[in-house]
Amino acid sequence: MYATDYPHGFPAGFMWGGASAATQIEGAWNIDGKGLSGAECIVGGGQHNSTHDNVTKAALEKAITDQSTQRYPKRHGNDFYHHYKEDIKLMAEMGFKAYRFSISWSRIFPHGDDPAPNEQGLKFYDRVLAELHHYEIEPVVTLFHYDTPAALTLKYNGWADRRIIRAAKRYTQTVLKRYANQVKYWMTFNEINTGTTGFHATGAIDNDYSPAARLQLRYQALHHQFVAGAIATKQLREINPQSKMGCMIGRDQTYPATSNPTDVVLAQREDQLNLFYPDVQIRGEYPAYMNRYFSDHHIHIQMAAGDQELLKVYHADYLSFSYYTSRVSNSRPLASDKKITVNMARGFNNPYLKGTPWGWLIDPRGLRVTLNEFWDRYRVPLFIVENGLGAVDQLTSTMKVHDDYRIAYLKEHIEQIKEAVSDGVKLIGYLMWSPIDIVSFSTSEMSKRYGLVYVDLDDDGQGTYKRIRKDSFFWYQRVIETNGEKL
Ligand code: BGP
């Protein structure tokens, strides 16, 4: 290869596919020995923007005893538990090379730390993996996707208490031992960088804490997750050194509102609060800029002997991330500068971009910027494991869904990914969110749909669960067939 050569288009073996998460698809919350996770009890999983969180212990206890599936749509998901064969067949029909799903901790250990794993839960994932292998679809497995067992929230206050690491270690040892020879790509915590924004990621209740105490608790909980992630990586290396362990963040490309250096510094500081996570999980140590942040906010991370060594040695093999939107940092907002505070979307409005009905700014070029920045900073393979459009779809009388808006969104993002690959970025694959309609995490509703396949189900859990191919299904099929040439 000459120095002037650069790659064109997607490499051979590029992993096209889609992604999902247990609490949003599986359902079957009360059968085959499953226990509940916090996400299945609290609407929206307790996901907030501010440092305030309104999840209470009483609300969680009530939700655990409340048997109403209608109030908690996440308890029935899209019933993947009973439809997995049909759904994986649909993925195969689209030509999927890979499928990301998460294992539900409370399906394997109903209370998080039971004396023995629930064999029926393990058998479910045996069946899912067999089906994927049958169609030669590479499984990509998330160990923790916003679903701390509810029982561990009540026992330890979730990840706030270091003792949860021991329970997590048994869970990861059990599933890695069972599946590591069948699964090459693993990842530890879904969007670990959202851990300071609410209950959903750490399973810790802190509604009656002061803002400062809350921040202390959440960063401590995140430290416990870093350690548990490094332990899982160690376990995987021992069980199957050929497999890869990734870390995963939710990425909002961050822009300064203006070229005013004050805005630029602010954008950099705010961005560091997200880069902190891959800095620890890939570079293997807490970055220096966080010392200053911790000191400014009176945060003291308690580390046990050996923690730093674990983080150093057992760092992630690849960096995976979700990308839906970008954000703007503004040091001197005017009254006319609109602040965005809709579930996960944050920051200020960007006049150059349009938003979804949920206020998430649509920014395909930001994805190219992210890919280049990540590749430059970490020099490990990158993996896009979530990207997609939540929209209200209309099913026609002839059972069609003409979702040209979703096709446009995905197309524009894939075009920019192609540019980044031509820029020289090493990208393993692209997994859109989500192949089959799924319950939205932030709204707990079905009507915010992401799928290429429509599921006949409404926000109250009413419907036939019938699967219907949308126009985007056929579009994505051609994208995969042509390895991204025909968009
Ligand atoms: C990510 C989560 C997913 C998912 C997606 C879309 O942050 O990892 O679980 O649901 O966002 O968000 P929502 O479902 O809230 O629209």
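Please read these numbers as outputs of a predicted model, since none were measured by experiment.

Rules used throughout
- Residues numbered from 1 in each chain as written.
- Predicted model: local features only at pLDDT ≥ 70, side-chain atom pairs only at ≥ 80, totals over all residues.
- Axes fitted to C-alpha atoms, helices over the stretch in contact; angles between N-to-C directions.
- Helix = DSSP H or I, 4+ residues; strand = E, 2+ residues; numbered from the N terminus.
- Parallel < 35°, antiparallel > 145°, perpendicular 65-115°, else oblique.
- Left-handed = near helix turned anticlockwise from the far one by under 90°.
- Contact = placed C-beta atoms within 7 Å.
- Nonpolar A, V, L, I, M, F, W, Y, C, P; charged D, E, K, R; others polar.
- UniProt positions renumbered as here; feature names shortened; annotations may be inferred.
- Buried ≥ 20, exposed ≤ 12 C-beta atoms within 10 Å, placed from the backbone.

Peer 1: What should I look at first to understand the packing of helix α14 (residues 404–422) against helix α15 (residues 471–481) in this one?
Peer 2: Any two packed helices are characterised by the angle at which their axes cross and by the distance between the axes. Remark: α14 packs on α15, axes separated minimally by 8 Å, with the N-to-C direction vectors making an angle of 25°. When the axes of α14 and α15 are compared, the pair comes out roughly parallel. For the pair α14 and α15, the sense of crossing is right-handed. On α15, the residues that touch D404, R406, I407 and I414 of α14 are D471, S472, W475 and V479. Of the residues assigned to the contact of α14 with α15, the class counts are 4 nonpolar, 1 polar and 3 charged.

Peer 1: What's the story with the UniProt feature "active site" (unreviewed entry) in the chain in this structure? I'm lost.
Peer 2: According to UniProt, the positions carrying the feature "active site" (unreviewed entry) are E386. Mapped onto the elements of the fold, E386 is located in strand β7 (residues 382–386). By the C-beta count within 10 Å, which is 25 here, E386 ends up buried. With residues up to four places along the chain from it excluded, the contact list for E386 reads A19, S322, L431 and W433.

Peer 1: Is there a simple way to think about unusual backbone geometry in this case?
Peer 2: Phi is mostly negative for residues that are not glycine, and the peptide bonds are mostly trans. With omega at 0°, the peptide bond leading from W433 into S434 counts as cis. Along the chain, S434 falls in the loop between β8 (427–433) and β9 (453–455). Residues other than glycine seldom take positive phi values, yet D32 does so here, at roughly 55°. Looking at where D32 falls in the secondary structure, it is placed in the loop between α1 (22–25) and α2 (57–65). The class of D32 is partly exposed, set by 13 C-beta atoms lying within 10 Å. Notably, N157 is not glycine yet its phi reads approximately 60°, a positive angle. Along the chain, N157 turns up in the loop between α6 (150–156) and α7 (164–179). With 18 C-beta atoms counted inside 10 Å, the residue N157 sits in the partly exposed group.

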